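One letter stands for each residue in the lines below.
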Amino acid sequence: MSFPEAEPVRTPGEATEPVEDLPILAPRLRVLRRRASLTLEAAARAAGLSPAHLSRLETGQRQPSLPMLLGLARIYGTTVSELLGETVADRDAIVRAADMEPTAAGGWSYWQAGASGRGMQALRVHVPHGAQGDIVRVHPGEEWLYVLTGRLRLRLGDTAHVLAPGDSAHFDSLTPHRLAADGPDGTDLLFVHTLLQSPTTTLCLGPITGVTP
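No experiment lies behind these values; they were computed from the predicted model shown. (Residues numbered from 1 in each chain as written. Predicted model: local features only at pLDDT ≥ 70, side-chain atom pairs only at ≥ 80, totals over all residues. Heavy atoms only, no water.)

Along the polypeptide, Asp188 turns up in strand β9 (residues 187-194). Measuring from C-alpha to C-alpha, the distance between Asp188 and Leu148 comes to 5.3 Å, with 40 residues separating the pair along the chain. Ignoring any residue separated from it by four or fewer positions in sequence, one finds Asp188 in contact with Val125, His126, Tyr146, Val147, Leu148 and Thr149. (Helix = DSSP H or I, 4+ residues; strand = E, 2+ residues; numbered from the N terminus. Contact = heavy atoms within 4.5 Å.)

Another point: unusual backbone geometry. Although it is not a glycine, Ser37 adopts a positive phi angle of roughly 60°. Relative to the assigned elements, Ser37 resides in the loop between α1 (25-35) and α2 (40-47).

Moving on, we get to the sheet that holds strand β2 (residues 108-112). Strand order in the open sheet made by the six strands is β1-β2-β3-β9-β4-β7, with antiparallel pairing throughout. The open sheet terminates on both sides in strands that have one partner only, identified here as β1 (103-105) and β7 (168-172). The mean inter-strand angle of the sheet, taken between neighbouring strand axes irrespective of direction, is 25°. In terms of strand pairing, β1 meets β2 through three bridges, oriented antiparallel. Looking at the pairing, Ala105 lines up with Trp108 of β2. The strands touched by helix α4 (residues 66-75) are β1, β2, β3 (120-127), β4 (142-149) and β9; relative to β9, the strand with the most contacts, the crossing angle is about 15°. (Pairing = 2+ DSSP bridges. Axes fitted to C-alpha atoms, helices over the stretch in contact; angles between N-to-C directions.)

Here you go:
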């Protein structure tokens, strides 16, 4: 049995008219949520957000951070590429640098470094100093990262690490983890993570700690 979705909750002073020239991300968030047969409330709960916050993301009134995009992609059984409407050819083994446009999310900039439709997603990421450094992530899967430039502060559970260019880390994503640039110029990473492709895997996802609606 399906239930009608609640009307988006609006705070005083929030715009009530549709936002003009929405980026493709906002409407796709709603389309992919409905494709996964999730109500606004159920998707928000799985992502550790309030329904009002997710509603603002879907109407373009708020912009998601990269961790939010990763979480929503897992919940909807898709990839960040599909959320962003990127047109990398399915299962193409070669990704040309000239075809990759940078995308900004939550202060981070990132480029797709792998094709869509795979069991892993590869990104090249620039993390500026002070961006998202207080967000702690916990989710199923594995992550691998390699520092290209700058220094990275990586906290895994209760242990803090500083990684220099050439250093890498490979860890279980169920370990609470946090990433931040250790220097004013930020840091550049190669980042690979496993994807949960089925919407049914939302049963395994707990709340995303450190993300405040």
